[in-house]
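Fold and contact review
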Amino acid sequence: MDFLEMLVYQLDNMLDTKRKRHIVGGVLLSASALFGGLAITVFTIKEPG
């Protein structure tokens, strides 16, 4: 639990400005859209035959 608490504390210190939070939020949104699109693609592929 100490590791998780330390990680959250360090992330909070790194993201102390609104600009950095917006950048990280945009990166996370882009990553989630990428993996969501990949998952939809995998589920909709039909096997030949």
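Residues numbered from 1 in each chain as written. Predicted model: local features only at pLDDT ≥ 70, side-chain atom pairs only at ≥ 80, totals over all residues. Heavy atoms only, no water.

A few words on the overall build of the chain. Across its full length, the chain carries two helices and zero strands. Dimensions of the chain, computed from the C-alpha atoms along their principal axes, are close to 55 × 30 × 5 Å. Counting all 49 residues of the chain, 0% fall into the buried class. One way to put it: in the chain the 5 positive side-chain charges average out to a point 15 Å from where the 5 negative ones average out. (Helix = DSSP H or I, 4+ residues; strand = E, 2+ residues; numbered from the N terminus. Buried < 20%, exposed > 50% of the residue type's maximum accessible area, 1.4 Å probe, protein only. Lys, Arg positive; Asp, Glu negative; His and termini not counted. Charge placed at Lys NZ, Arg CZ, Asp CG, Glu CD.)

The next subject is the pattern of salt bridges. According to the stated counting rule, one finds one salt bridge in the structure shown. The salt bridge involving K20 is made with D16; its shortest N-O contact spans 3.8 Å. Residue classification places K20 among the partly exposed residues on the basis of a relative accessible area of 40%. (Salt bridge = Lys/Arg side-chain N within 4 Å of Asp/Glu carboxyl O.)

Further remarks concern a nonpolar patch on the surface. A cluster of nonpolar side chains, contributed by M1, F3, L4, M6, L7, V8, L11 and M14, occupies part of the molecular surface with about 860 Å² of accessible area. Position of F3 among the secondary structure elements: in helix α1 (residues 2-14). You can call F3 exposed: its relative accessible area is 59%. (Patch = residues over 30% accessible without salt bridge, like charges linked within 9 Å, V, L, I, M, F, W, Y side chains within 5 Å. Areas by Shrake-Rupley, 256 points an atom, 1.4 Å probe, with all protein chains shown as cover.)

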